[in-house]
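Chain and residue survey
Okay, here's what each chain looks like letter by letter:
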Amino acid sequence: MSEFDLVVLGGGSGGVRAARIAAGHGARVALVEEYRLGGTCVIRGCVPKKLMVYASRFAQEFEEAAGYGWTLDTPRFDWANLKANRDTEVARLEAIYRGNLLASGVQIFAGRAQLVDRNTVALADGTQLRASHILIATGAAPTRGPDILGHEHAIDSNGFFDLAALPRRVVVQGAGYIALELACVLQRLGASVRVVVRGDQILRGFDDDVRAHLAQDLVHSGMQLDFGRHVTGITKTDNGLQVGLDNGETVTADCVLRAMGRKPNTHNLGLEAVDITLDAHGAIPVDAFSQTTVPGIHAVGDVTNRVNLTPMAIREGHAFADTVFGGTPRSVDHTLVPTAVFTTPELGVVGLTEQAALLQYPRLDVYSATFRPMKATLSGHSGKMLLKLLVDRDTDRVLGFHGVGPDTGEMAQLVGVALQLKATKAALDATLAVHPTAAEELVTMRKPTVRHAL
């Protein structure tokens, strides 16, 4: 049996950061990963997805180029070439992750691991690792929703990255950010895409104005959104997949992508051996310092279902290592979370939605601007941007930013700094505009478009 100070289960963003920082504090660290280092984000999530997003946006760039004097031959897209280049980049990043771990002194084990007791982990090959601390960082996995007839003919978000060719006709079930990002990629690369939405709007949990604006843009781009619908079954035929909807309609597709959320990856971890009980969502409950109910066993990242984003998993892993091995107890703030949705157009958001802000700040001022980006004046593209700020009238503090359009993800990162510093609307107004940019709208909005609780 090998002895360590820390055994980390999972080689994704949170686990890798925790392992490296703990090793830097002098701990003897082992990390166990059953698939590939880098986790969902690097291998089949954020990174390869963003590369696919870049590829998909060239189609619009080629169209817009004519207005700027460019004459182009008919563009031709090669899915196989993109996939090969993307996979090469993912492999390069995985090698960097491995190299950084080894350089930090972390010992890497390949395989599936299970908890034997509160200090012992067993690998599938019989190897046992013992440590005073165990960190569970196994992330989350796609869920396809309830089983339906023919569900085996569909793919999930992991399967998207295995597609050998671009399907011509696609049905996407789901309306969260993963479903919509992948739907946009497929459509922009040339597929006909139909999105089946269970509710009456996309992106549940986001600001209502943002949801409506994006939905309108997606429909205008040619994507079909079927609201209030369910997929009831999938049948494989010689003409493709026959997808049944609950209104009796049948849709023919070459690919069905079921992206209906993700669930904590806790299956077969041996949690029952240490009496860890999952919460109602199947996640591992932890306190502010990522400590589970069992002393010495911690958990970070998506497996805890707090804020399921890569930067948050990294921050939680780092804080855990500093707390347990660095002598610096540190918790993580989960309340102010800048994020982006890489649909086309993309979304950038940080802070409270208008609906959430009103519950705490009834005297709320809403500043918004909808406008045509400067680039569109010559390109002829009809899409408009939406930028929105929420301000507490009593304190003048900015509570939220919501944007739809080019580079709004970049804007959200910097507005997040301002919100972290509790910036006021007056501070934004006093900031000189960078002209001509879209972001200058954020410092030139003078009158509220909506004033709540006057």
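This structure is a prediction, so every number in the text was calculated from the model and none was measured. (Residues numbered from 1 in each chain as written. Predicted model: local features only at pLDDT ≥ 70, side-chain atom pairs only at ≥ 80, totals over all residues. Heavy atoms only, no water.)

1. Describing helix 3 (residues 46-65)
- Compared with the 28 Å implied by 1.5 Å per residue over 20 residues, the 28 Å span of helix 3 between its first and last C-alpha is a close match.
- Alanine 59 marks where helix 3 bends most, by close to 25°.
- Pro48, Lys49, Lys50, Met52, Val53, Ala55, Ser56, Arg57, Gln60, Glu64 and Ala65 are the residues of helix 3 that are buried.
- Taken together, the buried residues of helix 3 touch helix 2 (39-44), helix 4 (79-103), helix 5 (157-160), helix 6 (177-188) and helix 10 (376-379). (Helix = DSSP H or I, 4+ residues; strand = E, 2+ residues; numbered from the N terminus. Expected span 1.5 Å × (residues − 1). Bend = angle between axes of the 7 residues up to and from the residue. Buried < 20%, exposed > 50% of the residue type's maximum accessible area, 1.4 Å probe, protein only. Contact = heavy atoms within 4.5 Å.)

2. Here's the deal with the packing of helix 3 against helix 4
- Packing of helix 3 against helix 4 leaves a shortest axis separation of 10 Å and a crossing angle of 145°. Considering how the two elements wind past one another, helix 3 and helix 4 form a crossing that is right-handed. Across the interface between the two elements, Val47, Pro48, Leu51, Met52 and Ala55 of helix 3 pack against Trp79, Leu82, Arg86, Glu89, Val90 and Leu93 of helix 4.
- Here the residues of the contact of helix 3 with helix 4 sort into 9 nonpolar, no polar and 2 charged. (Axes fitted to C-alpha atoms, helices over the stretch in contact; angles between N-to-C directions. Left-handed = near helix turned anticlockwise from the far one by under 90°. Nonpolar A, V, L, I, M, F, W, Y, C, P; charged D, E, K, R; others polar.)

3. Things to note about the sheet that holds strand 14 (residues 255-258)
- Read across the open sheet, the 4 strands follow the order 10-9-8-14; overall the sheet is parallel. The open sheet has two edge strands with one neighbour each: strand 10 (224-227) and strand 14. Neighbouring strand axes in the sheet, compared pairwise and without regard to direction, differ in orientation by 20° on average.
- One ladder, built from 5 bridges, connects strand 8 (residues 169-173) with strand 9 (residues 192-197); its direction is parallel. Directly across from valine 170, in strand 9, lies its bridge partner valine 193. (Pairing = 2+ DSSP bridges.)

4. Overview of the sheet that holds strand 21 (residues 398-404)
- Across the sheet, which stays open at both edges, the 6 strands sit in the order 17-18-21-20-19-22 with antiparallel pairing between neighbours. Looking along the sheet, the strands with just one partner apiece sit at the ends: strand 17 (339-341) and strand 22 (450-451).
- Examined bridge by bridge, strand 19 (residues 364-371) and strand 20 (residues 385-392) share 8 bridges and lie antiparallel to one another. Bridged to serine 368 within strand 20 is lysine 388.
- Of the strands in this sheet, strand 17, strand 18 (347-351), strand 20 and strand 21 are in contact with helix 11 (residues 408-420), which crosses strand 18 at around 10°.

5. Examining the nonpolar core
- Judged by nonpolar contacts, the single largest core of 42 residues is most densely connected at Phe160, Val172, Val193, Val195, Ile202, Met223 and Leu347.
- Secondary structure elements with two or more residues in this core: helix 3, helix 4, strand 8, helix 6, strand 9, helix 7 (208-220), strand 14 and strand 18.
- A per-element tally of this core places helix 6 first, with 7 residues.
- Not counting residues up to four positions away in its chain, the partners in contact with valine 193 are Val170, Val172, Ala183, Leu186, Gln187, Met223 and Gln224.
- The next biggest cluster of nonpolar side chains, apart from the first, holds 23 residues, and it includes Phe4, Val7, Val32 and Leu123. (Core = buried A, V, L, I, M, F, W, Y, C linked by side-chain atoms within 4.5 Å.)

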